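What the coordinates show
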Amino acid sequence: MMDRNTFDKYRSELRKIVLSKIDCFNDIEDEEVYKWIDEALMEKCRTVYLSISDRKQLRLEIFNSLRKLVGIVPQYANLFKGSIRENLKWGNENATDEELFEALTISQAKEITDSKDGGLDFKISQGGQNLSGGQKQRFTIARALVKKPSILILDDSASALDYATDAALRASIRKIGEEGGGKLTTFIVSQRTASLRSADRIIVLEDGAVAGIGTHDELLENCAVYREIYNTDSNKAAGGAR
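So, here is what we can say about the structure in this document.

Cut-offs applied
Residues numbered from 1 in each chain as written. Predicted model: local features only at pLDDT ≥ 70, side-chain atom pairs only at ≥ 80, totals over all residues. Heavy atoms only, no water. Phe/Tyr/Trp six-rings, centres within 6.5 Å; stacked < 30°, edge-to-face > 60°. Helix = DSSP H or I, 4+ residues; strand = E, 2+ residues; numbered from the N terminus. Buried < 20%, exposed > 50% of the residue type's maximum accessible area, 1.4 Å probe, protein only. Lys NZ or Arg CZ within 6 Å of the ring centre and 35° of its normal. Pairing = 2+ DSSP bridges. Axes fitted to C-alpha atoms, helices over the stretch in contact; angles between N-to-C directions. Arc of directions from axis to C-beta. Contact = heavy atoms within 4.5 Å. Salt bridge = Lys/Arg side-chain N within 4 Å of Asp/Glu carboxyl O. Core = buried A, V, L, I, M, F, W, Y, C linked by side-chain atoms within 4.5 Å. Lys, Arg positive; Asp, Glu negative; His and termini not counted.

Take the packing of aromatic side chains next. Per the stated rule, a full pass over the model turns up one aromatic pair. Geometrically, the ring pair formed by phenylalanine 80 and tryptophan 90 is tilted, given 5.3 Å between the ring centres and 40° between the ring planes. Taken together, the positions of phenylalanine 80 in the loop between strand S1 (70–73) and strand S2 (82–83) and tryptophan 90 in the loop between helix H4 (84–88) and helix H5 (97–106) put the pair ten residues apart, joining distant regions of the chain. The partly exposed category is assigned to phenylalanine 80, whose relative accessible area is 30%. Note on tryptophan 90: relative accessible area 62%, which makes it exposed. Looking at lysine 116, its charged tip hangs above the ring of phenylalanine 122, at a distance of 5.2 Å from the centre.

As a further point, take the sheet that holds strand S5 (residues 185–189). Where strands meet in a sheet, backbone hydrogen bonds hold them as pairs that are either parallel or antiparallel. Strand order across the open sheet formed by three strands is S1-S4-S5, with parallel pairing between neighbours. The open sheet is flanked by S1 and S5, the only strands paired with a single partner. Strand-to-strand twist of the sheet, defined as the mean angle between neighbouring strand axes without regard to direction, takes the value 10°.

So, about H5. Within the span of H5, buried status applies to Leu100, Ala103, Leu104 and Ile106. On an axial view of H5, the arc spanned by its buried residues comes to 165°, and they lie on one face. Buried positions along H5 lie against H4, helix H6 (110–115), helix H7 (133–146) and helix H8 (163–179). In the segment just after H5, glutamine 108 is the residue with positive phi, at about 65°.

Tallied over the full model, the rule gives seven salt bridges. Taking the shortest distance from any N to any O, the salt bridge between aspartate 114 and lysine 110 comes out at 2.7 Å. Of this pair, aspartate 114 and lysine 110 both sit in helix H6, four residues apart, roughly one helical turn. The class of aspartate 114 is partly exposed, set by a relative accessible area of 46%. Residue aspartate 166 pairs with arginine 192 through a salt bridge whose shortest N-O separation is 3.1 Å. With aspartate 166 in helix H8 and arginine 192 in the loop between S5 and strand S6 (202–206), this pair connects stretches of sequence that are 26 residues apart. One salt-bridge network, in which partners are shared between bridges, spans Arg85, Asp97 and Asp121.

Even without being a glycine, lysine 148 presents a positive backbone phi close to 55°. With respect to the element layout, lysine 148 can be found in the loop between H7 and strand S4 (151–155). What makes lysine 148 exposed here is its relative accessible area of 52%. Positive phi, close to 50°, is recorded for aspartate 156, a residue that is not glycine. Note on placement: aspartate 156 falls in the loop between S4 and H8. By relative accessible area, aspartate 156 is classed as buried at 10%.

So, about the nonpolar core. Ile84, Leu88, Leu104, Phe139, Leu152 and Ile173 are the most contacted members of the largest nonpolar core, which totals 28 residues. Top contributing element to this core by residue count: H7, with six residues. Within the second largest apolar cluster, seven residues are counted, among which are Leu196, Val204, Val225 and Tyr226.

Here we take up the environment of lysine 175. Looking at the secondary structure, you find lysine 175 in helix H8. Taking the C-alpha atoms as reference points, lysine 175 and isoleucine 106, separated by 69 residues in sequence, lie 9.4 Å from one another.

The subject of this paragraph is the side chain of lysine 116. Residue placement: lysine 116 occurs in the loop between H6 and strand S3 (123–124). One buried charged residue, lysine 116, remains without a salt bridge, the closest side chain of opposite sign being aspartate 117 at 8.9 Å. Once you skip the residues sitting within four places of it in the chain, lysine 116 turns out to touch Phe122, Leu131 and Gln135.

This is the structure:
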């Protein structure tokens, strides 16, 4: 079994691997990033036997553990032919109906489910063709939440939602982190500043480079790129309200 010295060695190496690719994270405190790595490595410390010396194999084992901590929702929702229940259980095959409804409530999809014939047994067509874009996105978010991840990545996954639903979704997800003692960390990739304004830290990218880092208020004051996006979003929202 991996001894403590070996564990510390590979934990240090993995931290370098993760952070060397993300320059904008260099000033984040250790506990903000490393706690995820530590959780995975502590699990592997108990279960990995060093019967092989191949470092690549060891790293693969570690990254597989990291993946178990992460829930990812892509921009383009991918649902499968089957019931709502069957689709959600891809996140956790052992989830109870109570846990499924909890995830549906957070993702703002419970009312959709309740309105369908059969509720959780409502049949979704391949690719979710019998659902709207916003409904598909909410079900894919629910599926990721059923997994109960430590890290949730929303990759522009609320683009089809109206602003009110998007706001309710973000508030519900933030509540999980607050009530769970910070056990859920959320990364949101979005072109909407409204989706980001309550984030603890916003990273603005332009042409693949970091154009600004800060809170919503800080970026409005100091980042021209963010300010331009915000003004464009505000004009769109005002036009839609007319």
